[in-house]
Amino acid sequence: VQLQASGGGLVQAGRSLELSCAASERPSSRYAMSWFRQAPGKEREFVAARRSTGGTSYLADSVKGRVTISIDTAKRTGLLQMNNLKPEDTAVYYCAVGDPILSSIRMRAAYRYWGQGTQVTVSS
């Protein structure tokens, strides 16, 4: 499975961006899609995740209330809608797909497939 992330760019603080992650094929009958981000000099960190079967969205505390994650299983595409962006949201954003158990859904190691990353830069 290959993942293609897109939608990044340069925006002013307070504006919105929608990131997209397209899968080359259906990963499996059941999977989770997640987004992680990595700022310069920092570790890659969890942003959001959601299972293909629906239900709860899992969000990092730093983005709660500003980010929505969704999956269109028919199109094999995931979206990350980010509102009220802040300069601290500046990072390379990566989408990932796997089948993690609940306790691992926020962990990088739980995801088998990764996209190449898309740069998000938020100016103040």
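Above this text you will find the structure in question.
Thresholds, definitions, all that
Residues numbered from 1 in each chain as written. Predicted model: local features only at pLDDT ≥ 70, side-chain atom pairs only at ≥ 80, totals over all residues. Heavy atoms only, no water. Helix = DSSP H or I, 4+ residues; strand = E, 2+ residues; numbered from the N terminus. Rg over C-alpha atoms; globule rule 2.2 N^0.38 Å. Buried < 20%, exposed > 50% of the residue type's maximum accessible area, 1.4 Å probe, protein only. Areas by Shrake-Rupley, 256 points an atom, 1.4 Å probe, with all protein chains shown as cover. Salt bridge = Lys/Arg side-chain N within 4 Å of Asp/Glu carboxyl O. Pairing = 2+ DSSP bridges. Axes fitted to C-alpha atoms, helices over the stretch in contact; angles between N-to-C directions. Disulfide = S-S within 2.5 Å. Contact = heavy atoms within 4.5 Å.

Q: What am I meant to see in the overall build of the protein chain here?
A: Check the secondary structure of the protein chain and you find zero helices and 11 strands. Scanning the protein chain from its N terminus toward the C terminus, one meets helices and strands in the order β-β-β-β-β-β-β-β-β-β-β. Taken over C-alpha atoms, the radius of gyration comes to 13 Å for the protein chain, in line with the 14 Å a tight globule of 124 residues would show. By principal-axis analysis of the C-alpha atoms, the protein chain measures approximately 40 × 25 × 25 Å. Across the 124 residues that make up the protein chain, the buried fraction comes to 44%. Approximately 6,500 Å² of the protein chain is accessible, and the part contributed by carbon and sulfur atoms is 45%.

Q: Which parts of the structure should I look at to understand the pattern of salt bridges?
A: Pairing between side chains becomes possible if they bear opposite charge and their charged atoms approach one another. One pass over the structure, following the stated rule, counts six salt bridges. Among the salt bridges present, the one from Arg 30 reaches Asp 99, with a minimum N-O distance of 3.6 Å. A residue pair is termed long-range when its members are at least 10 positions apart, and Arg 30 in the loop between β3 (17–23) and β4 (32–38) and Asp 99 in the loop between β9 (91–98) and β10 (111–114) qualify at 69 residues. We classify Arg 30 as partly exposed; its relative accessible area is 48%.

Q: Looking at this model, I keep getting lost on the sheet that holds strand β1 (residues 3–6). Mind explaining?
A: Backbone-to-backbone hydrogen bonds join strands into a sheet, with any given pair of strands oriented parallel or antiparallel. Reading across from one edge, β1-β3-β8-β7 is the order of the four strands in this open sheet, with antiparallel pairing throughout. With one partner strand each, in any of the chains shown, β1 and β7 (67–72) form the two edges of the open sheet. Across the sheet, the axes of successive neighbouring strands diverge by a mean angle of 15°, strand direction being ignored. Direction of pairing for β3 relative to strand β8 (residues 77–82): antiparallel, over a ladder of six bridges. Within the sheet, the bridge partner assigned to Ser 20 lies in β8 and is Leu 79.

Q: I would appreciate a short explanation of the state of the cysteines in the present structure.
A: Throughout this description, disulfide means a covalent bond between two cysteine sulfur atoms. Applying the stated criterion across every chain yields a total of one disulfide. The side chain of Cys 21 participates in a disulfide bridge whose partner is Cys 95; the two sulfur atoms lie 2.1 Å from each other. Across the disulfide from Cys 21 to Cys 95, rotation about the S-S bond amounts to roughly 65°, and the bridge is consequently right-handed. Of the two residues, Cys 21 sits in strand β3 while Cys 95 sits in strand β9, which places them 74 residues apart along the sequence. Considered together, Cys 21 and Cys 95 belong to a single accessibility category, that of buried residues.

Q: Even after reading the chapter, I still don't get the environment of Thr 56, so can you show me in this structure?
A: As for its placement among the helices and strands, Thr 56 is situated in the loop between β5 (45–51) and β6 (57–59). On the basis of relative accessibility, which here comes to 48%, the residue Thr 56 falls in the partly exposed class. Setting aside residues up to four positions removed in sequence, Thr 56 forms contacts with Ala 49 and Arg 50.

Nothing here speaks to function; it is all geometry.
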